[in-house]
Amino acid sequence: MTLAALTLPALPCIAAVQAAAPSGEPTKAPLEGTRLAGTGLLRFFGLQVYRARLWVSPGFAPERFSALPLALELYYLRSLSGSAIAKRSLDEMRRAGPIPDDKATVWLQALTAVMPNVADGDRLTGIYRPNDALELLYAQGQSQRSLGKVGDAEFATRFMGIWLAPVTSEPDLRRALLGSTATAQ
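Residues numbered from 1 in each chain as written. Predicted model: local features only at pLDDT ≥ 70, side-chain atom pairs only at ≥ 80, totals over all residues. Heavy atoms only, no water.

Student: Help me out: how do you make sense of the packing of aromatic side chains in this one?
Tutor: Aromatic ring pairs: the centre-centre distance and the angle between the two ring planes describe each pair. Tallied over the entire structure, the rule returns five aromatic pairs. Ring plane angle 65 degrees and centroid distance 5.4 Å describe the contact between Tyr50 and Tyr76, whose orientation is recorded as edge-to-face. Here Tyr50 is found in strand 2 (residues 47-56), whereas its partner Tyr76 is found in strand 3 (residues 70-76), with 26 residues between them in sequence. We note that Tyr50, like Tyr76, is buried. Centre to centre, the rings of Phe159 and Trp163 are 5.2 Å apart; their planes meet at 65 degrees, and the pair counts as edge-to-face. Of this pair, Phe159 and Trp163 both sit in helix 3 (residues 153-164), four residues apart, roughly one helical turn. (Phe/Tyr/Trp six-rings, centres within 6.5 Å; stacked < 30°, edge-to-face > 60°. Helix = DSSP H or I, 4+ residues; strand = E, 2+ residues; numbered from the N terminus. Buried < 20%, exposed > 50% of the residue type's maximum accessible area, 1.4 Å probe, protein only.)

Next up, the structure:
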């Protein structure tokens, strides 16, 4: 796999429990045909890092999270460097299983190249399309732009697995995001 095969991004860390969208966050689904499944709040040592919202397609099932299109929004509540987000993302992706060193290097380079530094109030949205790609959108205030797409299906699934896979490091956040779609797991 070459760096050119990845035309972009990845979303950051992991979260834990909350409900309403913060002011300034859009309430419209970021991906047509999806509905809000749940919301959560990531805290790290008691500090609020970001609010997350999961938008899912009809027929979504947690045990097959990668089967249908979905969107995950992260609304940041503090500043973080893009390189730190990229490194943490790769570490979290490894929870689903080993990643060969050459692939991990390519994924980390791609993530580091596109992941922006974020500040309080910034929003990153991952648009997942199964067996296709992950697109990352970045918003500051009302201005939103695409950071690009990663056309690697394994990368896209592993990336969304940071929040949605049963092996997530943040099971409380996973439950909160799955909300109304959660089954007895």
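Student: Would you mind showing me how to read unusual backbone geometry here?
Tutor: Leaving glycine aside, a negative phi is the common case for residues, and trans is the common case for peptide bonds. Its identity as a non-glycine residue notwithstanding, Phe45 has a phi of 50 degrees, on the positive side. Tracing the chain through its elements places Phe45 in the loop between strand 1 (35-44) and strand 2. Take Phe45: its relative accessible area is 77%, and that puts it in the exposed class. In this model, Asn131 sits at a positive phi of 55 degrees, which is unusual for a non-glycine residue. Here Asn131 is to be found in the loop between strand 4 (122-129) and strand 5 (133-140). With a relative accessible area of 74%, Asn131 lands in the exposed category.

Student: It is not clear to me how the pattern of salt bridges should be interpreted in this structure. Could you clarify?
Tutor: When their charged atoms lie close together, side chains carrying opposite charge are able to pair. Going through the model one piece at a time under the given rule, you end up with 10 salt bridges. Of the charged contacts in the structure, one is a salt bridge between Glu135 and Arg129, with a shortest N-O distance of 3.9 Å. Overall, Glu135 belongs to the buried group, its relative accessible area being 14%. Under the relative-accessibility criterion, Arg129 is labelled partly exposed at 30%. Glu154 is paired through a salt bridge with Arg158; the nearest N and O atoms lie 3.7 Å apart. With Glu154 and Arg158 both in helix 3 and four residues apart, the pair spans about one turn of that helix. Within this structure, Arg53, Glu73 and Arg123 form a network of salt bridges that share partners. (Salt bridge = Lys/Arg side-chain N within 4 Å of Asp/Glu carboxyl O.)

Student: Is there a simple way to explain the nonpolar core in this structure?
Tutor: As a rule of thumb, soluble globular proteins bury nonpolar side chains together. Membership of the largest hydrophobic core comes to 41 residues, with the highest contact counts inside it found for Tyr50, Leu54, Leu124, Phe155 and Trp163. For this core, the leading source of residues is helix 3, giving seven residues. (Core = buried A, V, L, I, M, F, W, Y, C linked by side-chain atoms within 4.5 Å.)

Student: Before we go on, may I ask you to explain the environment of Gly151 in this structure?
Tutor: Summarising the element assignment, Gly151 is placed in the loop between strand 6 (143-150) and helix 3. According to the relative accessible area criterion, Gly151 is partly exposed, its value standing at 47%. Once the C-alpha coordinates of Gly151 and Leu134 are considered, the two residues, 17 residues apart in sequence, prove to be 6.7 Å apart.

Student: What should I look at first to understand helix 3 in this one?
Tutor: One full turn of an α-helix is made of 3.6 residues, so residues set three or four places apart face in the same direction. Between its first and last C-alpha atoms helix 3 spans 16 Å; for 12 residues at 1.5 Å apiece the expected length is 16 Å, and the two agree. Of all 12 residues making up helix 3, nine are buried, and the element is well covered by its neighbours. Its side-chain oxygen 2.9 Å from the backbone nitrogen of Glu154, Asp152 forms the N-cap of helix 3. (Expected span 1.5 Å × (residues − 1). Polar contact = N/O pair within 3.5 Å; in protein donor to acceptor, adjacent residues only side chain to side chain.)

Student: For this particular structure, what's the right way to read the packing of helix 1 (residues 82-93) against helix 2 (residues 101-114)?
Tutor: Two measures define how a pair of helices packs: the angle their axes make with one another and the distance between the axes. Packing of helix 1 against helix 2 leaves a shortest axis separation of 8 Å and a crossing angle of 145 degrees. The two elements helix 1 and helix 2 meet at a crossing, and its hand is right-handed. Of helix 2, the residues touching helix 1 (which contributes Ser83, Ala86, Lys87, Ser89, Leu90 and Met93) are Ala104, Trp107, Leu108, Leu111 and Thr112. (Axes fitted to C-alpha atoms, helices over the stretch in contact; angles between N-to-C directions. Left-handed = near helix turned anticlockwise from the far one by under 90°. Contact = heavy atoms within 4.5 Å.)

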